[in-house]
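# Coordinate analysis (summary)
Here are the chains, one letter per residue:
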Amino acid sequence: MYTYDTLSEALKDLQKRGFTLDFNLREKEIESKNTKEIFPPDFFEVVEVYRFEGMSSTGDNSVVYAIQTKTGVKGVLVDAYGVYANSLSPEMIQKLKIVH
């Protein structure tokens, strides 16, 4: 696992390591912003997770998920700490629930 001081540092390095797509979080799946492909929870794995806490506000907290699909597509999902507060399916909550 890598260590990063900032969100931008993590995103830059992940992109260098092949995580080139940007994913959007949806209720029951993730969607590639780039290709518009949809990936249900059983079709991708979270391979790395990084948390960042804002210095000035708790609203600046975020999580970066490095994701790889079963077909080898790699990308990142960036979301606020409150990801579980969104209306997500139980499958998506379980997929994004990482041991801390």
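Everything below is about the structure shown above.
None of the values given here were measured: they were computed from a predicted structure. (Residues numbered from 1 in each chain as written. Predicted model: local features only at pLDDT ≥ 70, side-chain atom pairs only at ≥ 80, totals over all residues. Heavy atoms only, no water.)

As enumerated under the stated definition, the model contains 4 aromatic pairs in all. Ring geometry for Y2 and Y4: centres 6.2 Å apart, planes at 10°, overall stacked. A relative accessible area of 41% means that Y2 is categorised as partly exposed. Exposure remark for Y4: the relative accessible area of 11% places this residue in the buried category. Between the aromatic rings of F39 and F43, the centroid separation amounts to 6.0 Å while the plane-to-plane angle is 10°, which identifies the pairing as stacked. The class of F43 is partly exposed, set by a relative accessible area of 29%. In this structure an aromatic cluster arises from ring pairing among Y2, Y4 and Y50. One residue, K95, lies across the ring of F44, its end atom 5.4 Å from the ring centre. (Phe/Tyr/Trp six-rings, centres within 6.5 Å; stacked < 30°, edge-to-face > 60°. Buried < 20%, exposed > 50% of the residue type's maximum accessible area, 1.4 Å probe, protein only. Lys NZ or Arg CZ within 6 Å of the ring centre and 35° of its normal.)

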